[in-house]
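Structural features, examined
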Amino acid sequence: MDVFGFHAARRPVLVSLPHVGTALPDGFVGRLVPEAQGLPDTDWHLLRLYDFLEDLGVGVIQARFSRYVVDLNRPSNDTPLYSGATTGLCPTTLFDGAPLYQPGAEPDAAEVAERVTRYWTPYHDAITAEMTRLRDRFGRAVLFDAHSIRSVVPRLFEGRLPDLNIGTNDGRSADPTLSDRLVAVGADAGADGFTHVLNGRFKGGHITRHFGRPAEGWHAVQLEMAQVTYMEEEAPFAFDEARAARIRPHLRRFIGAMADWAENRA
């Protein structure tokens, strides 16, 4: 199995979906505790939610393998991205802090290095190649790193997460005029009852921080969505088409605004 899926962009936007994968290597599931075997921390159903991407002409890269194998949105040296509780490159806990592995089944340093080589590096190399191609063709390129998470995860953040969490690494990963457009889309979504924040708890992970290089014509934005906006947050994590139909037009506008900005800004 390929470690990621990809189709090239016709417009200067690449959508990254690093946490949608559910595949596991042979023998891996038996190393997990029962609570982890259903992969509860997956960014469920995002390809179904973002079913308009091909129509918009943007590119897509999507992970095939679970974030429990390797987290593509963490640095390959596992430097922490946030103060406080978080999960690492090859996580050993669930979001709630419970153990991920059966006792003694955690990966050692050699296995972590092998996972980086097999899964992490190809994904990042592919983003680099496509962002370079788009910038060379259009003069600039935008990477949209799309995520979702349960709306309440006490170990990671207090209270209920806003519905739309826009991250630009405190303004360092994208031009401020692009951020302004995206915040305006979030504000418009408020008319439908959706909340938004810019650079709140989720400012952007490694992908946003690494590929957001405005001075070089690369701009990167992360969107962390509360899963309650489009699905059931408890197992079996069912997709809710009625909820999705409410939020989807705003997501389409969000990505459309990126493409319009990248194509038309002087």
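Predicted model only: the values in this text are computed from it and were never measured. (Residues numbered from 1 in each chain as written. Predicted model: local features only at pLDDT ≥ 70, side-chain atom pairs only at ≥ 80, totals over all residues. Heavy atoms only, no water.)

**Re the overall build of the protein chain**
In terms of regular secondary structure, the protein chain is built from 6 helices and 7 strands. N-terminal to C-terminal, the α/β element order of the protein chain is β-β-α-α-β-α-β-β-α-β-α-β-α. For 266 residues, the compact-globule estimate of 2.2 N^0.38 gives 18 Å, and the protein chain sits close to it at 18 Å. Counting only C-alpha atoms, the protein chain reaches 55 × 40 × 35 Å along its principal axes. The buried share of the protein chain, reckoned over its 266 residues, is 55%. Within the protein chain, counting contacts between residues at least 6 apart in sequence, those at least 24 apart form 79% of the total. For the protein chain, the accessible surface area stands at approximately 10900 Å², while carbon and sulfur atoms represent 52% of it. (Helix = DSSP H or I, 4+ residues; strand = E, 2+ residues; numbered from the N terminus. Rg over C-alpha atoms; globule rule 2.2 N^0.38 Å. Buried < 20%, exposed > 50% of the residue type's maximum accessible area, 1.4 Å probe, protein only. Contact = heavy atoms within 4.5 Å. Areas by Shrake-Rupley, 256 points an atom, 1.4 Å probe, with all protein chains shown as cover.)

**Some words on the sheet that holds strand β5 (residues 164-167)**
Where strands meet in a sheet, backbone hydrogen bonds hold them as pairs that are either parallel or antiparallel. What the 7 strands build is an open sheet, ordered β1-β3-β2-β4-β7-β5-β6; its pairing is mixed. Either end of the sheet is taken by a strand with one partner, and the two such strands are β1 (4-7) and β6 (196-198). On average, each strand axis in the sheet is inclined to that of its neighbour by 15 degrees, with strand direction left out of account. Relative to strand β7 (residues 218-226), β5 runs antiparallel, the two being bridged by 4 bridges. By the bridge assignment for β7, N165 is matched with E224. Sheet contacts for helix α6 (residues 241-264): β2 (13-17), β4 (141-149), β5 and β7; angle to β7, the most-contacted strand, approximately 175 degrees. (Pairing = 2+ DSSP bridges. Axes fitted to C-alpha atoms, helices over the stretch in contact; angles between N-to-C directions.)

**Quick notes on the pairing of β7**
Among the 9 residues of β7, 9 are classified as buried, and the element is accordingly described as predominantly covered. Going residue by residue along β7, you find W218, A220, Q222, E224 and A226 tucked away on one face and H219, V221, L223 and M225 tucked away on the opposite face as well. Inspection of the sheet shows β4 paired to β7 by 9 bridges, in the parallel sense. What sits directly across from A141, in β7, is W218.

**Points about the nonpolar core**
Counting 77 residues, the largest nonpolar core has V15, L49, Y50 and I255 as the members making the most contacts within it. Aside from chain neighbours lying at most four places away, what touches V15 is L53, V58, G59, V60, I61, F144, A146 and I255. V153, L156, F157 and F202 belong to the second largest nonpolar core, which has 7 residues in total. (Core = buried A, V, L, I, M, F, W, Y, C linked by side-chain atoms within 4.5 Å.)

**Notes on α6**
Structural remark: α-helix, 3.6 residues per turn; residues separated by three or four positions point the same way. With 24 residues, α6 ought to run about 34 Å at 1.5 Å a step, and its terminal C-alpha atoms sit 33 Å apart, in line with that. Most pronounced at I247, the bend in α6 amounts to some 35 degrees, and the proline P249 follows within four residues. With a side-chain oxygen positioned 3.1 Å from the backbone nitrogen of A242, the residue opening α6 is D240. (Expected span 1.5 Å × (residues − 1). Bend = angle between axes of the 7 residues up to and from the residue. Polar contact = N/O pair within 3.5 Å; in protein donor to acceptor, adjacent residues only side chain to side chain.)

**Some remarks on the side chain of R140**
Among the structural elements, R140 can be located in the loop between α3 (109-138) and β4. In terms of polar contacts, R140 uses its side chain to reach the backbone carbonyl oxygen of A262, at 2.7 Å.

**Section: the packing of aromatic side chains**
Enumeration over the complete set of coordinates arrives at 10 aromatic pairs. Between F28 and Y101 the ring centres are 6.0 Å apart and the planes differ by 70 degrees, which places this aromatic pair in the edge-to-face class. Taken as a pair, F28 in the loop between β2 and α1 (46-49) and Y101 in the loop between β3 (59-63) and α3 lie far apart in primary sequence, 73 residues in all. For the residue pair F28 and Y101, the accessibility class agrees, reading buried in each case. Three or more aromatic residues link up through ring pairs in this structure, and these residues are Y50, F52, F144 and F254. When the ring centre of F202 is taken as origin, the NZ or CZ atom of R201, which lies over that ring, is 5.0 Å away. (Phe/Tyr/Trp six-rings, centres within 6.5 Å; stacked < 30°, edge-to-face > 60°. Lys NZ or Arg CZ within 6 Å of the ring centre and 35° of its normal.)

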